Amino acid sequence: MIQKINIIGAGLAGCEAAWQLANRGIKVNLYEIKTIKKNPVQKLDTFAELVCSNSLRSSDIKNAIGTLKKELEMFDSIVIKIAKECEIPGGQSLTVDRENFSKKITDLILKHENINVIYEELDNINLNDINIIATGPLTSKKMQLIISNLIGKSYFYFFDAVAPIVKLDSINMDICFKKNRYDKGYTKDYINCPMNEEQYNQFYQELIKGDTIDLHLKDEENFKVFEGCMPVEVMAKRGYKTLTYGPLKPAGLRNNDGSSNFAVVQLRQDNASDTLYNMVGFQTNLSFNEQKRIFRLIPGLEKAEFIRFGVMHKNNFINAPKLLNSYNQLKKNKNIFFAGQITGVEGYVESVSSAIISAINVYNTIKNKELLTFPKTTVIGALQSYIINTCSENFQPMKANWGIVEKLLINKKIKKEEKKELYSSRSLKDLEEFIFKNFIE
Ligand SMILES: Cc1cc2nc3c(=O)[nH]c(=O)nc-3n(C[C@H](O)[C@H](O)[C@H](O)COP(=O)(O)OP(=O)(O)OC[C@H]3O[C@@H](n4cnc5c(N)ncnc54)[C@H](O)[C@@H]3O)c2cc1C
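Anyway, here's the lowdown on the structure attached to this text.

Here is what the cut-offs are and how they apply
- Residues numbered from 1 in each chain as written.
- Predicted model: local features only at pLDDT ≥ 70, side-chain atom pairs only at ≥ 80, totals over all residues.
- Heavy atoms only, no water.
- Core = buried A, V, L, I, M, F, W, Y, C linked by side-chain atoms within 4.5 Å.
- Buried < 20%, exposed > 50% of the residue type's maximum accessible area, 1.4 Å probe, protein only.
- Domains from an automatic or database assignment.
- Contact = heavy atoms within 4.5 Å.
- Pairing = 2+ DSSP bridges.
- Helix = DSSP H or I, 4+ residues; strand = E, 2+ residues; numbered from the N terminus.
- Axes fitted to C-alpha atoms, helices over the stretch in contact; angles between N-to-C directions.
- Salt bridge = Lys/Arg side-chain N within 4 Å of Asp/Glu carboxyl O.

### Thoughts on the nonpolar core
One broad rule of soluble globular proteins: the nonpolar side chains tend to lie buried together.
Here comes step 1: Within the largest apolar cluster, 97 residues are counted, with the highest numbers of intra-cluster contacts made by L21, L56 and F101.
Here comes step 2: When residues are assigned to domains, this core turns out to be shared by domain 1 (5-159 + 314-439) and domain 2 (165-309), each giving three or more.
Here comes step 3: For F101, the residues in contact, after removing those within four places along its chain, are L12, A48, L50, V79, I82, A83, C86 and V96.
Here comes step 4: Counting residues in each nonpolar core, the second largest holds 30 residues, with I191, V232, F295 and A304 among its members.

Below, the structure is given as structure tokens:
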């Protein structure tokens, strides 16, 4: 019996997965709910809707996201191809006319002889079929329930509540120092940014009047999750010294010369290769520009490079490190694959990259071929490796960035920009070799 292939959700990831499989001669059913019921941010009836910004971010290959786009082009990504056809001026970023973009993708999908579009809310999954779940950060209620039943409620999250992540090499270690509170533990795990009262006061005054993003919180279920995790600016508004009794507590964090501080911001290591640090207790609703402006007032973070900003918004994603393997396949059910933002990647392009991994591995499953783990030296492979290998406690979504890509050993001192170029050319070369080895017959 021929197994059916169902792709649930015709967003960026679902369309890309359908395209990849259909072009390899595989017939797929693509389910989409939006013509029947839209989520609060959808406006169009067409597929692959960019719900917020119309930018697919930088095209400069020195940025990991620019290199990732080049990598996706090697797989003839429908999303990147159409984005380029619909490009409008946007400086270095790939900015598109969103309606044209969505319409062109929809036309190609509807026209494809191997794609059968079904306009309905899928409310049950046949476990004998192969299914790619690509229902995105705002998965429908019924699907939320199906996923919860499939994986266990505690592994399905409704909120992103993350603190900003900063690149280690952008932190000024002449000002900051490594130390654990009261010197507990054998290693010095935290980077501490010390503040005197004047510095704290300046930071505090800006923090309490910073511009925030509207959360659109209506849903009671989600609100409960949110209550457990207070934004730093909300905590600050409770009183001038509230933070200094909370996440900015200076106790047990004296400077190396023994002097004490008025407040201390702590940063905790965020990845195994020790290149990224997250700001402890800094989950926030401040706008991204405000985070950059206000958090750079913290001593030692004046030139901080933010790999991701803090966010608190509705976002359905699963605990990938516990549940998925490197093929985006559910460890406990080989017929279920996930793709897109729901796997714990973050961003339009990242969602597409995740779909390519799923589609290729679904194809290999059908053809009884070995499933493929993408190289960790490439951006696509590094992102996948991050979501499945990072700590599963407090797992949070991740964007493409060089900090998660396997370290490149460089023996001499070189400029940052030159280093990024080396990372990029290694990624593209390794992916080319991977494609040559696995796909050229
Ligand atoms: C409010 C918001 C703003 C964002 N802004 C940006 C941004 O500016 N830049 C950026 O890079 N990333 C942004 N993201 C993150 C993410 O990149 C996008 O959400 C992206 O669209 C994710 O792609 P996806 O294919 O995983 O999900 P989606 O594009 O959301 O696609 C999922 C599809 O599944 C459908 N669906 C849901 N449930 C069912 C069901 N039961 N049956 C059938 N179909 C179903 C939906 O209607 C939708 O079409 C944002 C996320 C949110 C929530």
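### Things to note about the sheet that holds strand β5 (residues 93-96)
Here comes step 1: The antiparallel open sheet is built from 3 strands, whose spatial order is β3-β5-β4. Edge positions in the open sheet fall to β3 (55-58) and β4 (87-88), since each of these has one partner strand only.
Here comes step 2: Pairing between β3 and β5: 2 bridges, direction antiparallel. Bridge pairing links S55 to T95 in β5.
Here comes step 3: Each of β3 and β5 is contacted by helix α2 (residues 64-73), which is oriented at about 115° to β3, the strand it contacts most.

### Concerning the pattern of salt bridges
Here comes step 1: Counted by the stated rule, this structure contains 19 salt bridges.
Here comes step 2: Its salt-bridge partner being E85, residue K81 comes within 3.1 Å of it at the nearest N-O pair. Highlighted residues: K81 and E85, both in helix α3 (residues 78-85), separated by 4 residues, approximately one helical turn.
Here comes step 3: With relative accessibility at 42%, the residue K81 sits in the partly exposed group.
Here comes step 4: With a relative accessible area of 43%, E85 lands in the partly exposed category.
Here comes step 5: Residue K420 is joined to E417 by a salt bridge in which the shortest nitrogen-to-oxygen separation is 3.6 Å. Within this pair, K420 and its partner E417 are both found in helix α13 (residues 416-439), separated by 3 residues, close to a single helical turn.
Here comes step 6: For K420, a relative accessible area of 14% corresponds to the buried category.
Here comes step 7: Look at the salt bridges and you will find they share partners, linking E206, K209, E290 and R293 into a network.

All we've got here are geometric facts, nothing functional implied.
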